[in-house]
Amino acid sequence: MADILIIEDDRRISDLVYRTLAMTGHQGFPVFTGREALSALERNRIDLVLLDIGLPDMDGFQLLQQISREFAGVPVICVTARDEISDRVKGLRGGAEDYIVKPFAMEELLARIQVALRRFHKEQSVFCFRDVEVDLAGGAVKKGNDLVELTNREYELLKVLLLNKNIALSRERLLDLAWGMDFYGDGRTVDVHIRRLRQKLGLEKEIRTIFKYGYRLEV
Ligand code: CA
């Protein structure tokens, strides 16, 4: 759970990001201009900044430099429609932790946020729901007081579900995220692992099947 400043002048994108963050347990602070961004950073304890490079009132790169100067220690992920490599490099040299190019998948954004928060030791690493406790830093999964033995793949799958909790993920996305892009499997591979996860963790209801689509962890 982190406090995340969303600097984005496109309200549709801003709303979508805000809602996605809310579903996964983060608090979003939407602002629409560079000026609003700076005053929000002064007023709130922000853990991470999502910065749209194309803003109406300020050059995004200048704002990036100002944020890294005045709010050092707050990681910035640049969101940009300009996908030229030179701009990317410029962004990273200007103090950005990472960048993501529009249009992007929400799962990708969440994964990058997680990585940046981890690097800055701002991530939530222990998740508890019902009698299950997952420690992502230590890699341990407990049910009640008992350690649960998961295979690597089951653990990866659980991690993906947790980091995207309350978001429906298709079988294809789950394969990409938990197995990797170059794995050739089909949806049945996912089904088998989901079944084992449900049994081992007693999460038959929480890991919901989305008809003809995939799965969602409801927390
Ligand atoms: Ca923009």
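Just above sits the structure.
Please read all numbers here as calculations on a predicted model, not as lab measurements. (Residues numbered from 1 in each chain as written. Predicted model: local features only at pLDDT ≥ 70, side-chain atom pairs only at ≥ 80, totals over all residues. Heavy atoms only, no water.)

S.K.: Quick question: what am I supposed to make of the sheet that holds strand β2 (residues 27-31) here?
M.R.: Hydrogen bonding along the main chain pairs the strands of a sheet, whether they run parallel or antiparallel. Reading across from one edge, β2-β1-β3-β4-β5 is the order of the five strands in this open sheet, with parallel pairing throughout. Two strands close off the open sheet at either side, each with one partner strand: β2 and β5 (98-101). Within the sheet, the average angular offset between the axes of one strand and its neighbour, ignoring direction, is 20 degrees. (Pairing = 2+ DSSP bridges. Helix = DSSP H or I, 4+ residues; strand = E, 2+ residues; numbered from the N terminus. Axes fitted to C-alpha atoms, helices over the stretch in contact; angles between N-to-C directions.)

S.K.: Sorry, what's going on with the coordination of the calcium ion here?
M.R.: Where a metal carries four tetrahedral donors, each ideal angle is 109.5 degrees; where it carries six octahedral donors, the ideal angles are 90 or 180 degrees. At 2.2 to 2.4 Å from the calcium ion lie its protein donor atoms, namely Asp9 (OD), Asp52 (OD) and Gly54 (O). Written as a sequence motif, the donor residues of the calcium ion are D-x42-D-x1-G. Residue Asp9 is located in the loop between β1 (3-7) and α1 (11-23), and its partner Gly54 is located in the loop between β3 (48-52) and α3 (60-70); the two are separated by 45 residues in the primary sequence. (Donors = N, O, S within 2.8 Å, 3.2 Å for Na, K, Ca; no water.)

S.K.: Is there a simple way to explain the pattern of salt bridges in this structure?
M.R.: Where charged atoms of side chains with opposite charge meet at close range, the side chains can pair. Applying the stated rule across the entire model yields 17 salt bridges. Linking Glu97 and Arg119 is a salt bridge whose minimum nitrogen-to-oxygen distance equals 1.9 Å. With Glu97 in the loop between α4 (85-93) and β5 and Arg119 in helix α5 (residues 106-119), this residue pair connects regions lying 22 residues apart in the sequence. Residues Glu154 and Lys200 are paired through a salt bridge, measuring 2.8 Å at the closest nitrogen-oxygen approach. Separated by 46 residues along the polypeptide, Glu154 in helix α6 (residues 152-163) and Lys200 in helix α8 (residues 187-201) bring together distant segments of the chain. For Glu154, a relative accessible area of 1% puts it in the buried group. Given a relative accessible area of 31%, Lys200 falls into the partly exposed group. Residues joined by salt bridges that share partners form a network here, namely Asp3, Arg45 and Asp47. (Salt bridge = Lys/Arg side-chain N within 4 Å of Asp/Glu carboxyl O. Buried < 20%, exposed > 50% of the residue type's maximum accessible area, 1.4 Å probe, protein only.)

S.K.: How should I be thinking about the packing of helix α2 (residues 34-43) against α3 in this particular structure?
M.R.: Between two packed helices, both the angle of their axes relative to each other and the distance between the axes serve to describe the pair. Two numbers describe how α2 lies on α3: the axes approach to 11 Å, and their chain directions differ by 10 degrees. As summarised for this structure, α2 and α3 are arranged roughly parallel, according to the angle between their axes. Residue-level inspection shows Gly34, Ala37, Leu38 and Leu41 of α2 in contact with α3, the latter providing Leu63, Gln66 and Ile67. A breakdown of the residues in the contact of α2 with α3 according to their chemical character gives five nonpolar, two polar and no charged. (Parallel < 35°, antiparallel > 145°, perpendicular 65-115°, else oblique. Contact = heavy atoms within 4.5 Å. Nonpolar A, V, L, I, M, F, W, Y, C, P; charged D, E, K, R; others polar.)

S.K.: When you look at the pairing of β2 in this model, what are you seeing that I'm missing?
M.R.: Across five bridges, β1 lies against β2 in parallel orientation. Of the residues in β2, the one forming a bridge with Ile6 is Pro30. Handedness of the crossover joining β1 and β2 through α1: right-handed. (Right-handed = clockwise from strand over helix to strand, strands pointing away.)

S.K.: So what exactly am I meant to see when it comes to the environment of Arg188 here?
M.R.: Counting through the fold element by element, Arg188 comes out in helix α8. Taking C-alpha positions, Arg188 is 8.6 Å from Arg171, a pair spaced 17 residues apart along the chain.

S.K.: When you look at unusual backbone geometry in this model, what are you seeing that I'm missing?
M.R.: Excluding glycine, residues mostly carry a negative phi; peptide bonds, for their part, are mostly trans. Omega for the peptide link from Lys102 to Pro103 comes to -5 degrees, which places this bond in the cis form. Along the chain, the position of Pro103 falls in the loop between β5 and α5. Although it is not a glycine, Arg130 adopts a positive phi angle of roughly 50 degrees. Locating Arg130 in the fold gives a position in the loop between β6 (126-129) and β7 (132-135). Owing to a relative accessible area of 55%, Arg130 belongs among the exposed residues under this scheme. Notably, Lys212 is not glycine yet its phi reads approximately 60 degrees, a positive angle. Of the residues examined, Lys212 reaches a relative accessible area of 74% and is grouped as exposed.

S.K.: Honestly, the nonpolar core in this entry has me stumped. Any pointers?
M.R.: The nonpolar side chains of a soluble globular protein tend to be buried, and buried together. Counting residues in hydrophobic clusters, the biggest one holds 46 residues, and the most contacted among them are Ile113 and Leu161. If near-sequence neighbours (up to four positions away) are discounted, Ile113 is found in contact with Ile4, Leu21, Leu48, Leu50 and Ile77. One finds Ile7, Ala40, Leu41 and Leu51 within the second-largest nonpolar core, a separate group that totals 22 residues. (Core = buried A, V, L, I, M, F, W, Y, C linked by side-chain atoms within 4.5 Å.)

S.K.: What should I look at first to understand the packing of aromatic side chains in this one?
M.R.: Counted under the stated rule, the structure contains zero aromatic pairs. Taking the ring centre of Phe32 as reference, the NZ or CZ of Arg11 above it sits at 3.6 Å. (Phe/Tyr/Trp six-rings, centres within 6.5 Å; stacked < 30°, edge-to-face > 60°. Lys NZ or Arg CZ within 6 Å of the ring centre and 35° of its normal.)

By themselves these figures say nothing about function.
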